[in-house]
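Survey of secondary and tertiary structure
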Amino acid sequence: MKDKLKEKLAEEEVVLKEEIAKAETKIKPNDKIKVIAQTAYIRPLASHLIPSMGKATFGKEFDVVAKVSGTSVAGSDIWYKIAGVNGEGYIHASYVMEI
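What you see is a predicted model; the values in this text were computed from it and never measured.

**Digging into the overall build of the protein**
- For the protein, the count of helices and strands is one helix and eight strands.
- For the protein, the α and β elements follow one another from N to C terminus as α-β-β-β-β-β-β-β-β.
- Across the 99 residues in the protein, those meeting the buried criterion constitute 30%.
- Per element, the accessible surface of the protein, about 6600 Å² overall, is 55% carbon and sulfur.

**Let's talk about unusual backbone geometry**
- Of note, the phi angle at A74 is positive, near 50°, even though the residue is not glycine.
- Looking at the element boundaries, A74 is found in the loop between β5 (61-73) and β6 (76-84).
- The exposure class of A74 is exposed, given its relative accessible area of 75%.

**Concerning the pattern of salt bridges**
- Counted by the stated rule, this structure contains three salt bridges.
- Across the pair K67 and E98 runs a salt bridge, and its minimum N-O distance is 3.4 Å. Remark: E98 occurs in strand β8 (residues 96-98) and K67 occurs in strand β5; sequence separation between them is 31 residues.
- Two residues, E88 and K81, come together in a salt bridge whose shortest N-O distance is 3.5 Å.
- We classify K81 as buried; its relative accessible area is 14%.

**Some words on a nonpolar patch on the surface**
- A contiguous nonpolar surface patch, about 400 Å² in accessible area, is contributed by I36, F58, M97 and I99.
- Structurally, M97 can be placed in strand β8.

**Notes on the environment of A46**
- Relative to the helices and strands, A46 is located in the loop between β3 (39-42) and β4 (54-57).
- Exposure remark for A46: the relative accessible area of 0% places this residue in the buried category.

**Focus on the nonpolar core**
- By size, the foremost hydrophobic cluster in this structure holds 12 residues: I33, V35, A40, I42, A56, F62, V64, Y80, I82, I91, A93 and V96.
- Looking at this core, the elements with two or more residues in it are β2 (32-35), β3, β5 and β6.
- Counting six residues, the second largest nonpolar core, distinct from the first, contains A46, V68, V73 and Y90.

Procedures and definitions
- Residues numbered from 1 in each chain as written.
- Predicted model: local features only at pLDDT ≥ 70, side-chain atom pairs only at ≥ 80, totals over all residues.
- Heavy atoms only, no water.
- Helix = DSSP H or I, 4+ residues; strand = E, 2+ residues; numbered from the N terminus.
- Buried < 20%, exposed > 50% of the residue type's maximum accessible area, 1.4 Å probe, protein only.
- Areas by Shrake-Rupley, 256 points an atom, 1.4 Å probe, with all protein chains shown as cover.
- Salt bridge = Lys/Arg side-chain N within 4 Å of Asp/Glu carboxyl O.
- Patch = residues over 30% accessible without salt bridge, like charges linked within 9 Å, V, L, I, M, F, W, Y side chains within 5 Å.
- Core = buried A, V, L, I, M, F, W, Y, C linked by side-chain atoms within 4.5 Å.

So, in structure tokens, the structure goes:
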């Protein structure tokens, strides 16, 4: 049973990665975002259903690689693909502002 669940989750992750890649909107070079929430989670995919790979606190700035559609949070499906110290990740638009 566990193996089937793991396999299903892996399949869904592949599909989600493909959907995100299709939906990416390139941002102008040097675009940045700033965290406006106490804490914002950084995820490996543009989905709140995927465990976070880190977090950022209020005032932290990131370079934006792309603006993408992902899972909806607080009525918005907009996520930012960011470049960070540990590689690229995604942060939901409701926790940041463009600067």
